[in-house]
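Geometric and topological summary
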Amino acid sequence: MPGLFSVEDKAVLVTGGTRGIGLMIAQGFVEAGAKVIISSRKPDVCTEAAERLSAYGSCVAIPADISTTAGASRLAEEVLAQVPALDVLVNNAGATWGAPLEAYPESAFDKLWAVNVKAVFQLTTALLPALRASASADDPARVINIGSIDGIRVPWMEVYAYSATKAAVHMLTRSLAHQLAPEHITVNAIAPGPFESKMMAFALDDPATRATIEHQVPLGRIGRPDDMAGAAIYLASRAGAYLTGAVIPVDGGITTHG
């Protein structure tokens, strides 16, 4: 079916798009012909990543710290100024925190709630005018939230605030999907397993730990960039137009363990 998975010329915003999973998704959209905006906290890093991605297609940078209400609002304003009609919003920016149970700080919950959950809600609602402008019954606007398998099953590591906030992202996804469906805006989540990222570097950079993790993945390997990009492109294309409120594990089968 011609064009079933096409995202050509779609306007896409990817938060946290300068590294890890966000960069994988952003590059996938750029190479597929979308017009991509990436955002992250550090202006120099953001600009550098956009310049690299521009070698494959259309990509610009809008630096912003969306962990604050002011930062999320400012990003939305700048996106609306550049892209009055936004086809795809990828809420990827996030943080993690690991520590033993009795040493786990209260500040971890405050920080991760602000970045992983509140920012998703604030940015999505602030960009509703642009999403509504692109939405139609045949081609809905899309919101793709990046959750985690740690929000589905008990994590291997002590990341209490991280797993709790990612579970919240999954429920927020379902709530927003229900609310926005009548406006032809779909909201879905991707729950990644182990991928090459800064969050996983401490484990994957150690050969022994990496081998242990690979052994626990039923498909026997760490996720690759095209695995993540493919899931996002599916959700943003005509192929995913009838899907909303879903949380899709992209994890090599880890969550089949329960």
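Everything discussed here concerns the structure shown above.
This section reports on the structure supplied with the text. Think of each chain on its own: its residues are numbered from 1, step by step along the sequence as written. The model is predicted, so local features are restricted to residues of pLDDT at least 70 and side-chain atom pairs to those at 80 or more, both for listing and for counting; the totals for chains, interfaces and linings are taken over all residues. Side-chain measures here rest on the full set of heavy atoms in the structure, leaving out hydrogens and waters.

A few words on unusual backbone geometry. Excluding glycine, a negative phi dihedral is what most residues carry, and trans is how most peptide bonds are arranged. Notably, D9 is not glycine yet its phi reads approximately 70 degrees, a positive angle. Only DSSP runs of H or I covering at least 4 residues are called helices, and only runs of E covering at least 2 are called strands; the numbering of each starts at the N terminus. Within the secondary structure, D9 is located in the segment before β1 (11-15). For every residue, the accessible area obtained with a 1.4 Å probe (protein chains only) is divided by the maximum for its type, and the residue is called buried under 20%, exposed over 50%, and partly exposed between those limits. Of the residues examined, D9 reaches a relative accessible area of 48% and is grouped as partly exposed. Backbone geometry places H184, a non-glycine residue, at a positive phi of 60 degrees. Take H184: it is sitting in the loop between α6 (160-180) and β6 (185-192).

Neither face of strand β4 (residues 88-91) is open: one carries V88 and V90, the other L89 and N91, and all of them are buried. Any two strands with at least two DSSP bridges between them are considered paired. Across 3 bridges, the pairing between β1 and β4 is parallel. Bridging across to β4, L13 finds its partner in L89. Strand direction decides the pairing type here: β4 and strand β5 (residues 141-146), joined by 4 bridges, are parallel.

Let us look at the sheet that holds β1. The strand order across the open sheet formed by 7 strands is β3-β2-β1-β4-β5-β6-β7, and the pairing between neighbours is parallel. Lying at the two open borders of the sheet, with one neighbouring strand each, are β3 (58-61) and β7 (247-250). On average, adjacent strands in this sheet sit at an angle of 20 degrees to one another, irrespective of strand direction. Strand contacts of helix α3 (residues 69-82): β1, β2 (35-39) and β3, with the helix running at about 160 degrees to β2, the strand carrying the most contacts. Running at roughly 165 degrees to β6, helix α9 (residues 225-236) makes contact with β4, β5, β6 and β7 of the sheet. Between N-to-C directions, angles span 0 to 180 degrees; the directions come from axes that are lines fitted to C-alpha atoms, helices contributing only their stretch in contact. Pairs of residues are marked as contacts when any of their non-hydrogen atoms sit within 4.5 Å.

Scope: geometric values only; no functional claims are made or implied.
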